[in-house]
Amino acid sequence: MARTIAVIQAQIVAYKNAQTALSGLTSPSQTAKYTTWIFIQAVAINLFEQLLDIFKADFETKVNASFTGSPS
């Protein structure tokens, strides 16, 4: 199941905070460049995970409907 954008953002921020090289990114502004990039990346990851969920459901439906040589 796809993670929410907020969960993905929190994970990215936690990873950023764990990196000493990125310790300078501390702006409280919601329009800071790095905050905007985190949001854009989180949206992209969320959309990708939603697509994966759709393809997985479609694949499992086809597999379950197909004939196999052994019992399910």
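Keep in mind the model is a prediction, meaning the values are calculated, not measured. (Residues numbered from 1 in each chain as written. Predicted model: local features only at pLDDT ≥ 70, side-chain atom pairs only at ≥ 80, totals over all residues. Heavy atoms only, no water.)

Caption draft 1: Just a nonpolar patch on the surface, in detail. The grouping of Trp37, Phe39 and Ile40 at the surface amounts to a nonpolar patch, some 360 Å² of accessible area in total. By the element assignment, Ile40 lies in helix α2 (residues 33-65). Looking at Ile40, the relative accessible area reads 42%, which means it is partly exposed. (Patch = residues over 30% accessible without salt bridge, like charges linked within 9 Å, V, L, I, M, F, W, Y side chains within 5 Å. Areas by Shrake-Rupley, 256 points an atom, 1.4 Å probe, with all protein chains shown as cover. Salt bridge = Lys/Arg side-chain N within 4 Å of Asp/Glu carboxyl O. Helix = DSSP H or I, 4+ residues; strand = E, 2+ residues; numbered from the N terminus. Buried < 20%, exposed > 50% of the residue type's maximum accessible area, 1.4 Å probe, protein only.)

Caption draft 2: A look at the pattern of salt bridges. Under the counting rule described, the total for this entry stands at two salt bridges. Across the pair Arg3 and Glu49 runs a salt bridge whose closest N-O atoms are separated by 2.6 Å. Placement of Arg3 in the segment before α1 (5-18) and of Glu49 in helix α2 is noted, with a sequence separation of 46 residues between them. With relative accessibility at 31%, the residue Arg3 sits in the partly exposed group. The partner of Asp58 in a salt bridge is Lys62, and the shortest N-O contact between them spans 3.5 Å. Of this pair, Asp58 and Lys62 both sit in helix α2, four residues apart, which is roughly one turn of that helix. A relative accessible area of 55% means that Lys62 is categorised as exposed.

Caption draft 3: Representation of the side chain of Lys16. Inspection of the secondary structure puts Lys16 in helix α1. Among buried Asp, Glu, Lys and Arg side chains, Lys16 stands out as unpaired, with Glu49 the closest opposite charge at 20 Å. With residues up to four places along the chain from it excluded, the contact list for Lys16 reads Leu22, Leu25 and Tyr34. (Lys, Arg positive; Asp, Glu negative; His and termini not counted. Contact = heavy atoms within 4.5 Å.)

Geometric descriptors of this kind do not, in isolation, establish any biological role.
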